[in-house]
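# Results of the structural survey
Listed here are the chains, written in short residue letters.
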Amino acid sequence: MEQSSEARPARTRSRYLPLWIAIAGVLVADVLAAVVLGFPGYPPDIGEMIEPIAPHVLFAVGPFTITNSIVTTWVIGAVIVVLAVALTRRLRLIPNPVQNAVEWIYESLANFVVSLGGPAAKRYAPLFIALFIFIVLSNWSGAIPFFGRVEWLRAPTSDLNVTAGLAIVSFLTFHVEGIRVLGARRYFGKYFNLRGFRHGPIDGVIDLFVGLLEGLLEFLKPVTLALRLFGNVWGGEVMLSVMTALLLAVLPLPFLGLELFIGLIQAFIFAILTLVFTVLALESHDEEHAAAGEHEAGEEGPAMVKHAAAAA
Amino acid sequence: MEHIGAGLAVLGVAGPGIGIGILTGMATQAMGRNPDAAPVIRANMIIGAALAEGLGILAFVVGILLALR
């Protein structure tokens, strides 16, 4: 026992030594090559290396163009479907490690949904998880070698068309669900609010104006959803290109790590905001309705969401 | 001229930066005072930071569109 405890510090000290030597060797080789060969084509034309905003059109089917981001979307969709089918094919009551891991992922995300939005949000857990997993894989696919470098592969979320499509899905979700739960009259009554006229003309005008403003903000939600995801992912890829052009061999690696983290956070944010906006759309502004206390069971969750919206 | 405009547009990310800084500082204070409420505060902090960040991203996109014109 004593021997092993004495040997341990020596082992931990030497464990990373080959890695450091390799990094230092690559850097020295880089510097030497730069000194011997000069700097051919330096500074590089960074504009050439930056991914263009518009995706590359591969071919056209009638009026529709098939772009490289669509092809990558299909690839990612196929990977998700194959994994989902393969991992859930032989479910057992006593799970094996793989089934356990998948169950853990699903359960922790579903519990998070319920803790954020209350019991009413449980219905939207599949949407939340699907959005999260698809966007995370899309963001991370940009870090796979050759994605964004060859013309038929590109991280889907670095294309504004894909993020706009996802945002339209979210937009339709919260309005369709709002109308389904509240009914068309009460739902649109939130935005064309004439109830204030009961308390006098000034209250009525103020309530009407606030309602119309809220209706306008509804159309800003999908715009910011789409632009936030696109801006983060595409901006991250531009940053990686620039850093790769400016720095020596392994030095851009920390930025890659940062990009992976940002991709995870942004996928989470997109899914969370879709969920929160949906839960908000389910709430009626009817004071009488709230006073009746019909929603007592779900009080904790929506109250929390309300605070978040107020903070924004 | 477009590049000057792009640079000016990207100055717009300063506002959300200040906002997210205040938000995170306040949330950290709140978590320090009441560690039991940390998950709730963290979730709300992320949502608020995302909404503030969206505005910064708008400025960034305007800058990019101007610069690549």
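See above for the structure.
Only a predicted model underlies this, so the values are computations on that prediction, with no experimental measurement involved. (Residues numbered from 1 in each chain as written. Chains lettered and ligands numbered in written order. Predicted model: local features only at pLDDT ≥ 70, side-chain atom pairs only at ≥ 80, totals over all residues.)

We now examine the nonpolar core. Formed by 52 residues in total, the largest nonpolar core has its most connected members in Ile135(A), Phe270(A), Ala271(A), Ile272(A), Leu273(A) and Leu275(A). When contributions to this core are tallied by element, the ones reaching two or more residues are helix H5 (97-117), helix H6 (125-141), helix H7 (160-182), helix H9 (201-246) and helix H10 (253-281) of chain A together with helix H3 (38-67) of chain B. With near-sequence residues (within four places) excluded, Ile272(A) lies in contact with Leu116(A), Ile46(B) and Ile47(B). (Core = buried A, V, L, I, M, F, W, Y, C linked by C-beta atoms within 7 Å. Buried ≥ 20, exposed ≤ 12 C-beta atoms within 10 Å, placed from the backbone. Helix = DSSP H or I, 4+ residues; strand = E, 2+ residues; numbered from the N terminus. Contact = placed C-beta atoms within 7 Å.)

This part is about the pairing of strand S2 (residues 64-67) of chain A. Residues and elements named next belong to chain A. The pairing of strand S1 (residues 57-61) with S2 spans 4 bridges and is classified as antiparallel. Residue pairing in the sheet places Val-61 in a bridge with Phe-64 of S2. Counting the residues in the hairpin turn of S1 and S2 gives 2 residues, including Gly-62, whose phi is positive at 60°. (Pairing = 2+ DSSP bridges.)

Let us now look at the interface of chain A and chain B. Counting residues at the interface gives 17 residues for chain A and 15 residues for chain B. Listed by contribution, the elements that provide at least two residues to the side of chain A that touches chain B are H9, H10 and helix H12 (300-311) of chain A. For the side of chain A that touches chain B, the element with the highest residue contribution is H9(A), accounting for 6 residues.

The next point concerns the packing of H5(A) against H10(A). Residues and elements named next belong to chain A. In the contact formed by H5 and H10, the axes pass within 10 Å of each other and the chain directions differ by 40°. Viewed along their axes, H5 and H10 adopt a mutual orientation that is oblique. Our pair here, H5 against H10, has a crossing hand that is right-handed. Residues Val-113, Leu-116 and Gly-117 of H5 lie in contact with H10, whose contacting residues are Ile-272, Leu-275, Val-276 and Val-279. (Axes fitted to C-alpha atoms, helices over the stretch in contact; angles between N-to-C directions. Parallel < 35°, antiparallel > 145°, perpendicular 65-115°, else oblique. Left-handed = near helix turned anticlockwise from the far one by under 90°.)

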